[in-house]
Amino acid sequence: VTPLGIGLDATWTAACKGRSAVRRITKFDPTDYPSQIAAEIQDFVPTDYVDKKDVKKMDTFIQYAIAASRMAVDDAQFSISSQNADRIGVIIGSGIGGIQGIEQTHTTLQEKGPSRVTPFFIPMVIGNMASGFVSILLGARGPNAGTVTACATGTHSIGDAYRIIQRGEADTIIAGGTEAAVTPLTLAGFAASRALSKRNDAPQAASRPFDQNRDGFVVGEGAGILFLEELEHAVTRRARIYAELVGYAMTSDAHHITAPPSDANGAIRCMQQTLHDAALSPSDIGYINAHATSTMADRLEALAITHVFGEATPRIPVSATKSMTGHPLGAAGGIEAAFTILAIQKGTLPPTINLDKPDSEYPLNHVANTARLTQIDAALSNSFGFGGTNACLVFSRYEC
């Protein structure tokens, strides 16, 4: 579920065509805000995925998670029953959680008093309820958790699910991230920190990772959910396997609440440890889906990539799909993991749009403005979050 479209095919097609989902905000009047643009979800109908009576009990971030989870399970052609439910987990996180419900309910409290606050308020907004509702509605009774690690949330959720399956504690886990934070308070907060693009007169050109003329990120929203399955379990039931998850690592910068260190040490160590976990060398990686958000921190990710991949750097294509989706915050890692997997499976690398003048300090092999047809065997997906938290995943082509 992304600003590029509802469903895997719609999102992937738009990404490969290099479409921008950034527009002037429609969910509230942004006139008084310095940044008046976002990548909003369009044409999402919650009752396509949730009973009408239940919709009012859920913040939108939960609805997105349920929709994407149902799509993932359907795509996997997997049936959850009383016989297998105890071995099926759900790990879905949100960086910000139900801020939409918090803002709306606070207005109700102020205007109408405490007696008018819905009894569903707390379960509507707490971050783990995306995972909780998916578990309830699908009947998955295995490990259940909601990760909260800012912009690395989706990637940590997938990586943690991978570890749980490796330990033999589950056969399958529905994992990823979700976010619905295009709200007045969110935009005001990010604007106050001077993190957002102010390119209000050209919104589709606003998100421009790695470009010299970038001026901040654009808030996005959505959900990206993977259906992870233990290999023998998948092979036995003749599942369609898109790719194999082979490496995961997490590190901390231990440096600053929002800014990475100038030597990019945390990102460097995270990528190195992920490659080690995957038992791959830098030269084995054929594509990198960068975290790059269209802020000044992009140069530090470029520095980290150059350090880790060394002589291989010029031949490894890199793209930043936030140029099209905006920055979906806690959902970014899940969405970008899906893009990385599809790049392997389909032999198409989605582009970084709006990349007209790439930074020259740490040059990369950018997939600039147009998708690239390239067969690759392994790819890396990066996510870095506020608080100095880092997460990376490596996926590889599955060979029967």
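Up top is the structure these notes are about.
A short tour of the structure in this document, coming up. Predicted model only: the values in this text are computed from it and were never measured.

### Side note on the sheet that holds strand 9 (residues 317–319)
Line of reasoning, step 1. In spatial order, the strands read 7-14-13-8-9-11; together these six strands make up an open sheet with mixed pairing. Looking at strand neighbours, the two that pair on one side only are strand 7 (244–252) and strand 11 (365–366), the edges of this open sheet.
Line of reasoning, step 2. Where strand 9 lies against strand 11, two bridges are found, and the strand directions are parallel. Note on strand 11: the bridge partner recorded for P317 is N365.
Line of reasoning, step 3. Packing against the sheet, helix 7 (residues 153–166) makes contact with strand 7, strand 13 (378–385) and strand 14 (389–396), and its axis sits at approximately 120 degrees to strand 7.
Line of reasoning, step 4. Each of strand 8 (287–289), strand 13 and strand 14 is contacted by helix 13 (residues 332–346), which is oriented at about 170 degrees to strand 13, the strand it contacts most.

### Some points on the packing of aromatic side chains
Line of reasoning, step 1. Counted by the stated rule, this structure contains seven aromatic pairs.
Line of reasoning, step 2. A ring pair is formed by W12 and F339, whose centres lie 6.2 Å apart and whose planes are at 40 degrees; its orientation type is tilted. Taken together, the residues W12 in helix 1 (residues 8–16) and F339 in helix 13 connect sequence positions 327 residues apart. We note that W12, like F339, is buried.
Line of reasoning, step 3. Here the aromatic cluster, defined as three or more aromatic residues joined through ring pairs, consists of F44, Y49 and Y64.

### Description of the pairing of strand 14
Line of reasoning, step 1. Within strand 14, eight of the eight residues are buried, which leaves it mostly tucked inside the rest of the structure.
Line of reasoning, step 2. In strand 14, alternate side chains face the same way, and those of T389, A391, L393 and F395 on one face and N390, C392, V394 and S396 on the other are all buried.
Line of reasoning, step 3. Of the strand pairs in this sheet, strand 7 and strand 14 are connected by eight bridges, and their pairing is antiparallel. When the sheet's bridge partners are listed, G247 is paired in strand 14 with V394.
Line of reasoning, step 4. Direction of pairing for strand 13 relative to strand 14: antiparallel, over a ladder of eight bridges. Bridging across to strand 14, S381 finds its partner in L393.
Line of reasoning, step 5. Hairpin connection, strand 13 to strand 14: the antiparallel pair is bridged by three residues, and G387 has positive phi, about 90 degrees.

### Things to note about the sheet that holds strand 5 (residues 172–179)
Line of reasoning, step 1. Read across the open sheet, the four strands follow the order 4-3-5-6; overall the sheet is mixed. Here the strands that pair on one side only, and so sit at the sheet edges, are strand 4 (144–145) and strand 6 (222–229).
Line of reasoning, step 2. Strand direction decides the pairing type here: strand 3 (residues 88–93) and strand 5, joined by six bridges, are parallel. Along strand 5, the bridge assignment pairs I92 with G176.
Line of reasoning, step 3. Where helix 3 (residues 60–75) meets the sheet, it contacts strand 3, strand 5 and strand 6, and its direction lies at approximately 35 degrees from that of strand 6.

### Observations concerning unusual backbone geometry
Line of reasoning, step 1. Of note in the backbone geometry, S294 takes a positive phi value of approximately 85 degrees without being a glycine.
Line of reasoning, step 2. Residue position: S294 is located in the loop between strand 8 and helix 11 (298–309).
Line of reasoning, step 3. You can call S294 buried: its relative accessible area is 0%.
Line of reasoning, step 4. Even without being glycine, L329 reaches a positive phi, approximately 60 degrees.
Line of reasoning, step 5. Counting through the fold element by element, L329 comes out in the loop between helix 12 (322–325) and helix 13.
Line of reasoning, step 6. The buried category is assigned to L329, whose relative accessible area is 4%.

### Brief notes about helix 13
Line of reasoning, step 1. Along its 15 residues, helix 13 runs 21 Å from first to last C-alpha, staying within 8% of the 21 Å computed at 1.5 Å per residue.
Line of reasoning, step 2. Burial analysis of helix 13 places 13 of its 15 residues in the buried class, which makes it a mostly covered element.
Line of reasoning, step 3. Following helix 13 by one or two positions, G347 has its phi on the positive side, about 70 degrees.

Calculation criteria
Residues numbered from 1 in each chain as written. Predicted model: local features only at pLDDT ≥ 70, side-chain atom pairs only at ≥ 80, totals over all residues. Heavy atoms only, no water. Pairing = 2+ DSSP bridges. Helix = DSSP H or I, 4+ residues; strand = E, 2+ residues; numbered from the N terminus. Contact = heavy atoms within 4.5 Å. Axes fitted to C-alpha atoms, helices over the stretch in contact; angles between N-to-C directions. Phe/Tyr/Trp six-rings, centres within 6.5 Å; stacked < 30°, edge-to-face > 60°. Buried < 20%, exposed > 50% of the residue type's maximum accessible area, 1.4 Å probe, protein only. Expected span 1.5 Å × (residues − 1).

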